[in-house]
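One-letter residues, chain by chain:
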Amino acid sequence: MKKIAVLIIIIAFALMSAYGQNDSAPIEPKCKLEVEDVKNDGGTKAEVYITPQNNPEEVDEYNLKIFSEFEGQKRKLKDIKIINNQKRIRIPVNTDNVNTNVIAEVYVQQEGQSVKINSASVKTKGAWFDIKLINSFVAAIFFISLIMYLVSRARKGGSLFVRKIPGLEEIDNAVGRATEMGKPVFYIPGLSTIRDVATIASLNILRSVGQKVAHYATPLKVLNRDPVVLGVAQEVVHEAYLSAGRPDLYNEDDVYFAAGSQFAFASVAQGAMVREKPGAVFLLGMFWAESLILAETANSVGAIQIAGTDATAQIPFFIASCDYTLIGEELYAASAYLSRAPKLLGTLKAQDYFKAVLLAVTILALITNLIGIDFIIDYILK
Amino acid sequence: MGTILWSTFAVFLTLSIFSFLIKDNPFYKFAEHLFAGISVGYLVVITFTQIFIPRVWKPLMNSIDTGNILRSAFLIIGVFIGLLYLSRASNKYSWLSRYPISIVVGFGSGFAIAPSLNARVLKQLHSTVVEDGQSLLNIQKIIAFFRDPSFSSLYNATYGPLLVIGVLVVLIYFFFSFKNDNPVIKYTRTPALLYMMVGFGAAFGYTFMARISLFVDRMNFILNRWWPLIQNKLM
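Cut-off values and rules
Residues numbered from 1 in each chain as written. Chains lettered and ligands numbered in written order. Predicted model: local features only at pLDDT ≥ 70, side-chain atom pairs only at ≥ 80, totals over all residues. Heavy atoms only, no water. Buried < 20%, exposed > 50% of the residue type's maximum accessible area, 1.4 Å probe, protein only. Helix = DSSP H or I, 4+ residues; strand = E, 2+ residues; numbered from the N terminus. Pairing = 2+ DSSP bridges. Axes fitted to C-alpha atoms, helices over the stretch in contact; angles between N-to-C directions. Contact = heavy atoms within 4.5 Å. Domains from an automatic or database assignment. UniProt positions renumbered as here; feature names shortened; annotations may be inferred. Patch = residues over 30% accessible without salt bridge, like charges linked within 9 Å, V, L, I, M, F, W, Y side chains within 5 Å. Areas by Shrake-Rupley, 256 points an atom, 1.4 Å probe, with all protein chains shown as cover. Salt bridge = Lys/Arg side-chain N within 4 Å of Asp/Glu carboxyl O. Lys, Arg positive; Asp, Glu negative; His and termini not counted. Charge placed at Lys NZ, Arg CZ, Asp CG, Glu CD.

As for the pairing of strand 11 (residues 280-284) of chain A
Residue and element names in this part refer to chain A.
- Among the 5 residues that make up strand 11, 5 are buried, leaving the element largely enclosed by the rest of the structure.
- Across the two faces of strand 11 the burial is the same, with Ala 280, Phe 282 and Leu 284 and Val 281 and Leu 283 all buried.
- As judged from the 4 bridges shared by strand 8 (residues 185-188) and strand 11, these two strands associate in the parallel manner. When the bridges of strand 11 are listed, Val 185 appears paired with Ala 280.
- Of the pairings in the sheet, the one linking strand 11 to strand 12 (residues 304-309) comprises 5 bridges and is parallel in character.

Have a look at this one:
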């Protein structure tokens, strides 16, 4: 009887262990992989979504590799370890070119080897129109229409009033002072590229300064950091001298490239200021950390300084160390104020009307939001 | 030995630049010219390796290999227009450089319209009305302050309204079409200036501390890295 009982127990154990062995059969690592092209973009973005489909005890992490393939060239973009928390994870992907194949592959470690378990791909496509920016499009059309209307009104001789901007009133005095002292005028149109609005505004002011300087026959030195801005600045100064009737005074070497890097530019500019001791220094455009170095050096050589930038972090330094500072939008308004050209005056007026509309829309949005209507913030100011 | 040499040269350049604080001198001039020269050389190399090779040369070779004539022509025309910029060196043909300049300026100005409007105007105004999905003029927070007055509830109640008022008055400050004695301009001018000066003051302090940290970093390099190196190797 005992023998039978032992036999039954042995059989039961054997069965249980066989069942256990069946339970520990090799786990199949799985995950859901989606690669989607981002809609309404320039055609260089995609999104990869990975959703683990194993328990963390079965597969603790996945290895996601993302490649781009363009004109037969395959390049690895990302190699990420995805910790398995059984949640869907989104990975944004940026490629360099439109119509690029974005390929995602998922690997797991099995017996010390990396094994591919899933892959997916998509081709990025560019959209002509980003529907999410329709509000910007409508605002731009409205703004451009306003500009066209007000420019045509200014051209017909309509009176367009612009209030006094103190810093600009002093440009004449600054140039006059430099002339009386027999010292040159220094002009720095910021350190940014031509794409920066502040640089474009500064180059417009440079024209007015150039005309005044040519009128007084005072030397003008324009220091540049960007090669394209240098070319534009040379053209602007040349035209200013031509329009002032003094093309003979224009020297192309006076509008020069100082240095390509930020602080190298600052060291060259402050060296030039100390050696040439300008009577007036104009620092108008986009500036970064070098703003105080330039302004302090100009101050130390006794130059009258007129500065202006839309870089909020640099305005305090200019206010502290310069004689006059154009704050933010005053820089944009300066060219219209100085030249009184109908085109620029019309643009300035259009800016004001546009701001008035935005002010009204904002107040309306605040009121409607208080009473629970979110139409304006959801569709107009989104 | 090489480490000591280069570290000592770095210290020499640092002190040469700082010597400008006393007055302009040959050491500063040397450091300035070296810095400017290296920055230009570096810019040329970076432009060549990171722009010309990957953006022009490689795509052009690829396009030629794959027989993509349209893309090849597009790249060659682009390079040709870019090369016109070099015509500035000639008095006779310098007018040709106006073409690349006008393309860059035109593209720069046009390209800036949509992003500027979206990021600098519409999104900013959106954040003036709501923040994290909550209205900045939140009546509930004001009621909460009166129910339980404390510094925290006062901050919560006033933060939104102060921000909204600030945006509106500063926006009005930048209207150029009205005379300074216009009542709206006149009465919002001082609060707007106050708001701006508070903001600028904060920015000044923040940036000043960042500059001090740069100075500390240089001093740290001289005193804690270079000087111990000299002591260990030479003394």
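Details of the environment of Tyr155(B)
All names here are of chain B.
- The residue Tyr 155 is located in helix 6 (residues 151-173) in this model.
- Note on Tyr 155: relative accessible area 46%, which makes it partly exposed.
- Note: C-alpha distance between Tyr 155 and Ile 142 (13 residues apart in sequence) is 9.8 Å.

Focus on the sheet that holds strand 12 of chain A
Residues and elements named next belong to chain A.
- Strand order in the open sheet formed by 6 strands is 10-9-8-11-12-13, and the pairing between neighbours is parallel. The sheet is open, and its two edges are formed by strand 10 (255-257) and strand 13 (324-327), each paired on a single side. Ignoring which end each strand starts from, the neighbouring axes of this sheet average 15° apart.
- One ladder, built from 3 bridges, connects strand 8 with strand 9 (residues 220-224); its direction is parallel. Across the sheet, residue Val 185 finds its bridge partner in strand 9, namely Leu 220.
- Each of strand 8, strand 11 and strand 12 touches helix 4 (residues 171-181); the most contacted strand, strand 11, lies at about 140° to it.

Focus on the side chain of Thr325(A)
All names here are of chain A.
- The residue Thr 325 is located in strand 13 in this model.
- Thr 325 sits in the buried class, given a relative accessible area of 18%.
- With near-sequence residues (within four places) excluded, Thr 325 lies in contact with Ala 307, Ile 315, Phe 318, Ile 319 and Glu 330.

A few points about the domain arrangement of chain A
- For chain A, the assigned domains are domain 1 (31-123) and domain 2 (160-340).
- A C-alpha centroid distance of 51 Å is found between domain 1 of chain A and domain 2 of chain A.

So, the UniProt feature "domain: DUF6754" (unreviewed entry) in chain A
- In this structure's numbering, the residues bearing the UniProt feature "domain: DUF6754" (unreviewed entry) are residues 125-378 of chain A.
- As annotated, residues 125-378 of chain A comprises 59% helix and 11% strand, and the C-alpha atoms at either end are separated by 27 Å.

Considerations on the sheet that holds strand 2 (residues 45-52) of chain A
Residues and elements named next belong to chain A.
- Taken together, 3 strands build an open sheet; the order of strands is 1-2-5 and the sheet is antiparallel. Each edge of the open sheet carries a strand with a single partner, namely strand 1 (31-37) and strand 5 (89-94). Between one strand axis and the next, the sheet turns by 20° as a mean value, whatever way the strands run.
- As judged from the 6 bridges shared by strand 2 and strand 5, these two strands associate in the antiparallel manner. Residue pairing for strand 5: Lys 45 is matched across the bridge by Asn 94.

A word on a positive patch on the surface
- The grouping of Lys45(A), Lys132(A), Lys382(A) and Lys123(B) at the surface amounts to a positive patch.
- Within the secondary structure, Lys123(B) is located in helix 4 (residues 98-129).
- Its relative accessible area of 42% is what places Lys123(B) among the partly exposed residues.

Here's the deal with the pattern of salt bridges
- Inspection of every chain in the model, using the stated rule, returns 17 salt bridges over all chains.
- Of the charged contacts in the structure, one is a salt bridge between Lys212(A) and Asp172(A), with a shortest N-O distance of 3.8 Å. Placement of Lys212(A) in helix 5 (residues 197-216) and of Asp172(A) in helix 4 is noted, with a sequence separation of 40 residues between them.
- With a closest N to O distance of 2.9 Å, Asp24(B) and Arg275(A) form a salt bridge. Taken together, the positions of Asp24(B) in the loop between helix 1 (2-18) and helix 2 (26-66) and Arg275(A) in helix 7 (residues 262-276) put the pair across two chains.
- For Arg275(A), a relative accessible area of 33% gives the class partly exposed.
- One continuous salt-bridge network, built from bridges that share partners, spans Lys74(A), Glu105(A) and Lys116(A).

Considering the UniProt feature "transmembrane region" (unreviewed entry) in chain B
Residues and elements named next belong to chain B.
- When the UniProt feature table is mapped onto this chain, "transmembrane region" (unreviewed entry) is found at residues 6-22, 34-57, 69-87, 99-117, 159-178 and 190-209.
- End C-alpha to end C-alpha, residues 34-57 measures 31 Å, and it is 100% helix and 0% strand.
- Measuring from the first to the last C-alpha atom of residues 69-87 gives 27 Å, for a span that is 79% helix and 0% strand.

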